[in-house]
Structure formats: C-alpha cells, structure tokens
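Coordinates in review
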Amino acid sequence: SSAILYDEQIKKPCRKFLQKGICDFGPNCRFSHMSEEDLFNLKRQVEDERQLREDAVDRIMPGRSIEEWLSRREKKRTALSTKG
C-alpha cells in the first residue's frame, strides 16, 4: 500500500479521467486516477498498517522498559500532531 501511495502522490491528476470519469489508458495511465478522498483513504490505510506493525513489535518485545515505551509514544504523538 505504501508503494502505491507514494506512486500516486507524485503523479499529476489525469485531466481526461477527471473530466469524463474514464481514460483510454486505464491502469497504464501515467497520471493519477485517484481523487483527494481516495488518496486520503489510502494514506489512512498505510498509517493503520504501520501502526499494526509497530504494535506487533511492542507485543513481541515485552522486556522493554516503560521509559522506552513512553518515549516512543511521545514521538508518535509529536509526528501525528505535525501532520496536520
């Protein structure tokens, strides 16, 4: 998902797809067919997947100290608050 998100974020919107809802190139088009809402939902999915991976690591490594856990939590909160 993150690779798709990256690819779609760097593409410019497909004018034909935006105007007519269809493009002759289909999935091979070098422009993006995703709406702002689609990109937002994909970004949320990528963040959810990342969070699940991090949570799994937290469960696998129960020997870590509470200070380490609190530090990681604070970094996550700071990162989320700066995203907007």
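Further up the page is the structure itself.
Residue numbers restart at each chain and count upward from 1, following the sequence in its written direction. Only residues with pLDDT of 70 or above have their local features reported here, since the model is predicted, and side-chain atom pairs are shown and tallied only from 80 upward, although totals for entire chains, interfaces and linings are computed over all residues. With hydrogens and water excluded, all non-hydrogen atoms of the structure serve as input to the side-chain values.

1. Considerations on the environment of Lys16
Segments assigned H or I by DSSP are reported as helices when at least four residues long, segments assigned E as strands when at least two residues long, and all are numbered from the N terminus. Summarising the element assignment, Lys16 is placed in helix 2 (residues 15-20). Each residue is assigned to one of three classes by its accessible area relative to the maximum for its type, calculated with a 1.4 Å probe on protein chains only: buried under 20%, partly exposed between the two thresholds, exposed over 50%. For Lys16, a relative accessible area of 33% gives the class partly exposed. Each C-alpha atom of the pair Lys16 and Ala3 lies 24 Å from the other, and the pair is 13 residues apart in sequence. Residues count as neighbours in contact if any of their non-hydrogen atoms are within 4.5 Å of one another. Those residues in contact with Lys16, other than ones at most four positions away along the chain, are Gly21, Ile22 and Asp24. Pairs of N or O atoms within 3.5 Å make up the polar contacts considered here, provided that, within protein, one atom can donate a hydrogen while the other can accept it, and that residues adjacent in sequence are counted only when both atoms are side-chain atoms. Only 2.9 Å separates the side chain of Lys16 from the side chain of Asp24, close enough to count as a polar contact.

2. Examining the pattern of salt bridges
Side-chain pairs of opposite charge can arise where the charged atoms are in close proximity. Throughout this description, the term salt bridge denotes a Lys or Arg side-chain nitrogen within 4 Å of a carboxyl oxygen of Asp or Glu. Applying the stated criterion across every chain, the model contains six salt bridges. For Lys11, the salt bridge is made with Glu8, and the minimal N-O distance between the two is 3.3 Å. Residue classification places Lys11 among the partly exposed positions, given a relative accessible area of 27%. Salt-bridge contacts for Glu54 lead to Lys76; the nearest nitrogen and oxygen are separated by 3.3 Å.

These figures capture arrangement, not role.
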